[in-house]
Amino acid sequence: MTDLEKHHSMANAIRFLAIDAVEKAKSGHPGLPMGTADIATVLFTEFLKFDPTSPNWADRDRFVLSAGHGSMLLYALLYLLGYEDFSLDEIENFRQIGARTAGHPEFGHGAGIETTTGPLGQGLGNAVGMAIAEKLQESRFGTDIVDHFTYVLAGDGCLMEGISQEALSLAGHLKLNKLIVIWDDNGISIDGRVDITDSTDQVARFAASGWNTISVDGHDPAAISVALRQAQSSDRPTLIAAQTTIGFGSPAKAGTNKVHGSPLGEDEIVATREALNWPHEAFEVPSDILDAWRIAGLRSSQAHKDWQKRFAAKDAEVRAEFERRNRGDLPVGFTEAVLAYKKQLAEEQPTMATRKASEACLAVLNEVIPETIGGSADLTGSNNTKTSQTTSITPNDFSGRYVHWGVREHGMAAAMNGMALHGGMIPYSGGFLIFSDYCRPSIRLAALMKQRVIHVMTHDSIGLGEDGPTHQPVEHYAALRAIPNLLFFRPADVTETLECWQLALESDDAPSVLALTRQNLVSQRNTFEEENLCARGAYVLIDSENDAAVTIFASGSEVEIAVEAHAELTEAGIATRVVSVPSFELFEMQSDDYKSDVIGQSPAKIAIEAGIKMGWERFIGTEGTFIGMSGFGASGPYKALYEHFGITKEAVVAAAKAKLGS
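About the cut-offs
- Residues numbered from 1 in each chain as written.
- Predicted model: local features only at pLDDT ≥ 70, side-chain atom pairs only at ≥ 80, totals over all residues.
- Heavy atoms only, no water.
- Helix = DSSP H or I, 4+ residues; strand = E, 2+ residues; numbered from the N terminus.
- Buried < 20%, exposed > 50% of the residue type's maximum accessible area, 1.4 Å probe, protein only.
- Contact = heavy atoms within 4.5 Å.
- Areas by Shrake-Rupley, 256 points an atom, 1.4 Å probe, with all protein chains shown as cover.
- Lys, Arg positive; Asp, Glu negative; His and termini not counted.
- Charge placed at Lys NZ, Arg CZ, Asp CG, Glu CD.
- Pairing = 2+ DSSP bridges.
- Axes fitted to C-alpha atoms, helices over the stretch in contact; angles between N-to-C directions.
- Arc of directions from axis to C-beta.
- Salt bridge = Lys/Arg side-chain N within 4 Å of Asp/Glu carboxyl O.

S.K.: Could you clarify how one ought to interpret the overall build of the protein in this entry?
M.R.: Counting its regular elements, the protein contains 26 helices and 20 strands. Seen through its principal axes, the protein has C-alpha atoms that stretch 95 × 55 × 45 Å. A burial count over the protein gives 61% of its 662 residues as buried. For the protein, long-range pairs separated by at least 24 residues make up 78% of all intrachain contacts whose partners lie at least 6 apart in sequence. On the protein, roughly 24,600 Å² of surface is accessible, and the fraction owed to carbon and sulfur atoms is 49%. Seen as two clouds, the 55 positive and the 87 negative side-chain charges of the protein have centres 2 Å apart.

So this is what it looks like as structure tokens:
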């Protein structure tokens, strides 16, 4: 068997595992695996650095299947290369409940899946973050233990999505030369030929953003190999435009949209086996071809051993720090620093906007957690996410700790996911809460993947004032609280802000959003409490000596209004308590007894929040009173806006008295 014949046999093993799995499931996308099998075979047998026996090796190359609908390409590769999590049984159970082989690759289902993809373009955004992370780690620990590439396989749809422009322009600007994107240029989308919807010169587009570009026949293994070698030596990120035929080998469906997202069908499978000279039964890979793949899987074992020797030669403190960061453990001094600063706040009782409070907290936290990487979407001065420790990252210097993301919220959020997935750092960013809409798809995926990614989102309500309803979040609290496994925090003062930061940093299996004010807020926590009260999600801030006739629930800036209303009601002889609610999600994690005690039995229950009512029924029931927003905001000074929309202590007091009939 010649080398070329061997290549074709190995590539056909990918093709037919994909064909057979999709056919058995009666669902899936065979076209991409069939069309890109030649590319994948060259990449994984000649270039990619990995070790199936140690799949989480820190210095492995990363492979991101951005075109996640072609998941059987990845699953077939992982089985053929000998990854333990992907047996032939898993391949045969493609798209079945409980199988690792989900319809789209899902991070955490099995070793070898670097990220969850499917929403097109997200993988490309993740990969930019992974490449940034590699540069950051390399600058800290040296090229002898951090020196790897990030490869992406992207389709036409990935490049049509707007996130791709945000991602590729940033990668070009930062000169991420270890990022290599292979574009499956097959000219077909679900609706038919790509040229019915798009006429972009993608190669010119990437070149205009500072990329090295190479065009190649995606079915010529020698040409693919040359292109990848050139890409590895580039001083810029590289796009390899690989022209392929979708559904390669299918006599009736190759090159058409009919093979994109549907099984070939029994008759066409028979014809394809004949056309590609694959006379084997479904899911059968001849032993000599499987052996060739398994040998390829061991290709980097020596490189891994050499790396282990270099790592062992490092100073013990360096090794310990590298391993700690990659495990995701917080440093020993973290809790002590938090408590010391909390004591200081209890003594000083500062009045400040929670965005400024966050900056003050970060000044403490960034000092003790060297792996935090900050940033902002061109709003650094507004988000207050940059501290003295976080010098700027530049195209020629990755020793810093602050990414200037530019006006790229979607790309930023996706790249932060990639940084977290890469490991070794804790990414946090800044943006306006209104623009969480631009980040939402990536935030949702961070929650699905259980990644510690922290979004600092300021200007969180009508309290931002004159910028008006285009910039004033109203429905956003409810929308973000609706995402499973996302922690949404809305702290009421500087102490709660510190506690929410502590919780976000300690949450290593969920992303967090901190919604912070533009306007100043007085300190509400007047005494030092070692316990993190925000960890309860909701807690009694001010209790009543007698059975409370009124309980006021509030979050963020509206806690101040609740406290003012409490004073007036108490003066009027009405027993009142105030409950601060910084996190709905953490409240739901408490015991039933605790939740019942916090909600209480007051005949008058009132919730105050400068957003919509959705979700507050949990606290006030269907008979309670909600004081907040029922529509969009308006442009004007923030105090006048609170008056205009009736979010005032007077409104709270009046509602309480009306409810009590007094």
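And the narrative resumes.
S.K.: I would appreciate a short explanation of the sheet that holds strand β7 (residues 238-243) in the present structure.
M.R.: Note on sheets: strands pair through backbone hydrogen bonds, and any given pair is parallel or antiparallel. Taken together, the 5 strands give an open sheet; going across it, the order is β1-β2-β3-β7-β6, and neighbouring strands pair in parallel fashion. Edge positions in the open sheet fall to β1 (62-65) and β6 (212-217), since each of these has one partner strand only. Across this sheet, the average inter-strand angle for adjacent strands is 15 degrees, counted without regard to direction. In the sheet, β1 pairs with strand β2 (residues 150-154) via 4 bridges, with the strands oriented parallel. Across the sheet, F63 pairs through a bridge with Y151, a residue of β2.

S.K.: Quick question: what am I supposed to make of helix α23 (residues 592-599) here?
M.R.: Where α23 is concerned, the buried positions are Y594, K595, V598 and I599. Angular distribution of buried residues about the axis of α23 spans 125 degrees; they occupy a single face of the element. The exposed residues of α23 that point more than 90 degrees off its buried face are D592, D593 and D597. Tucked inside the fold, the buried residues of α23 contact β16 (539-542), β17 (550-554), β18 (576-580), α22 (584-588), β19 (604-609) and α24 (617-620). Positive phi appears at G600, one or two residues downstream of α23, with a value of about 70 degrees.

S.K.: In this structure, what is going on with the pattern of salt bridges? I would like to understand it.
M.R.: Where side chains of opposite charge bring their charged atoms close, a pairing between them can arise. By the definition in use, this model includes 31 salt bridges. R324 is the salt-bridge partner of E321, the closest N and O atoms lying 2.8 Å from each other. Here E321 pairs with R324, and both are found in helix α13 (residues 316-327), just 3 residues apart, close to one helical turn. The class of R324 is buried, set by a relative accessible area of 9%. When the shortest N-O distance is used, the salt bridge between D460 and R490 registers 2.9 Å. Of this pair, D460 sits in the loop between β12 (454-458) and α19 (476-481) while R490 sits in the loop between β13 (487-489) and α20 (494-506), and the two are 30 residues apart along the sequence.

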